[in-house]
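The lines below spell out each chain.
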Amino acid sequence: MTRFLTATAALALSAGAALAAGHAMAPMVEAADQSVSGGTVTAASVVAPANGWMVVHRTDADMAPGPVVGYAPLREGDNTDVAAILMEAVQPGEMLMLMVHGEDGGTMTGGFEYTLGATEDGPIRIDGNLVMTVITAQ
């Protein structure tokens, strides 16, 4: 009887974990155009596949990530109201790319080490696509 209960409990836990894994949210960034007058940029929601960073890049109509102007830490899973402090002035009308970066390849955990084009703490890609959204500073 004990073996039966143990086997049943293990099967139930396995099924629950598989169900949860099958319904995990896909990595994404959700943000809207916003004022940057307070020196920050906020994403309403970020889903990260692992601990990492929400990185704010300058961009333009070409939609290529440019220099980093801010970043904020992310924990694996769903993150809400993620605010990045801007490290330099951003003017109204400028486009900003909010992108998910990983915490891989650097020399220290918990310290943002990425520079444009580097592999340390670099961008996350899903099926070859960057996980990001673009907003316009107001």
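Each chain has its residues counted from 1, following the order in which its sequence is written. Only residues with pLDDT of at least 70 get local features here, since the model is predicted, and only at 80 or more are side-chain atom pairs given and counted; chain-wide, interface and lining totals rely on the full set of residues. As a rule here, side-chain values cover all heavy atoms of the structure and leave hydrogens and water aside.

## A look at the overall build of the protein chain
Piece 1. When you go through the protein chain residue by residue, the secondary structure sums to 1 helix and 9 strands.
Piece 2. To qualify as a helix, a DSSP run of H or I must reach at least 4 residues; to qualify as a strand, a run of E must reach at least 2; elements of each kind are numbered from the N terminus. Written out in order from the N terminus, the α and β elements of the protein chain read α-β-β-β-β-β-β-β-β-β.
Piece 3. Per-residue accessibility, obtained with a 1.4 Å probe over protein chains only, is compared with the maximum for each type, and a residue is labelled buried under 20%, exposed over 50%, and partly exposed between these values. Here the protein chain, with 138 residues, has 34% of them falling under the buried criterion.

## A word on the environment of Ala-43
Piece 1. Residue placement: Ala-43 occurs in strand S2 (residues 40-48).
Piece 2. Measuring from C-alpha to C-alpha, the distance between Ala-43 and Leu-98 comes to 7.8 Å, with 55 residues separating the pair along the chain.
Piece 3. Every residue in contact with Ala-43, bar those within four places of it in the chain, is listed here: Val-29, Glu-30, Ala-31, Met-54, Thr-80, Asp-81, Val-82 and Leu-98. Here, residues are in contact when the closest pair of their heavy atoms is within 4.5 Å.

## Focus on the sheet that holds strand S3 (residues 52-59)
Piece 1. Whether two strands pair comes down to DSSP finding at least two bridges between them. Strand order across the open sheet formed by 7 strands is S1-S2-S5-S4-S3-S6-S9, with antiparallel pairing between neighbours. This sheet does not close on itself; its edge strands, each paired only once, are strand S1 (28-30) and strand S9 (132-136). Neighbour-to-neighbour, the strand axes of this sheet turn through a mean angle of 30°, independent of strand direction. Where helices are involved, their axes are fitted lines through C-alpha atoms of the stretch in contact, as for all axes, and angles between N-to-C directions lie from 0 to 180°.

## Regarding the confidence of the model for the protein chain
Piece 1. By definition, pLDDT measures how confident the predictor is in each residue, and it falls between 0 and 100. Of the residues in the protein chain, 83% reach a pLDDT of 70 or more, and the chain-wide mean stands at 87.
Piece 2. Within the model, the stretch residues 4-22 combines pLDDT values under 50 with 0 contacts to residues more than four positions away or in other chains.

## So, the nonpolar core
Piece 1. In this structure, Val-41, Val-46, Met-54, Val-56, Leu-96, Leu-98 and Val-100 are the most contacted members of the largest nonpolar core, which totals 22 residues.
Piece 2. Of all the secondary-structure elements, those providing two or more residues to this core are S2, S3, strand S4 (68-74), strand S5 (77-86) and strand S6 (95-102).
Piece 3. Residue contributions to this core peak at 4 residues, all from S2.
Piece 4. Residues in contact with Met-54, not counting those within four places in the same chain, are Val-41, Ala-43, Val-46, Gly-70, Tyr-71, Ala-72, Leu-74, Val-82, Ala-84, Leu-98 and Met-99. Residues grouped as a nonpolar core are buried Ala, Val, Leu, Ile, Met, Phe, Trp, Tyr and Cys residues, joined through side-chain atoms within 4.5 Å.

## Concerning the side chain of Ser-45
Piece 1. Tracing the backbone through its elements, the reader meets Ser-45 in strand S2.
Piece 2. Whenever two N or O atoms come within 3.5 Å, that pair is a polar contact, provided that in protein one can donate a hydrogen and the other can accept it, and provided that, for residues adjacent in sequence, both atoms are side-chain atoms. Polar side-chain contacts of Ser-45 include one of 3.2 Å to the side chain of Asp-78.
Piece 3. Ignoring sequence-local partners within four residues, the contact set of Ser-45 consists of Met-28, Val-29, Glu-30, Asp-78, Asn-79 and Thr-80.

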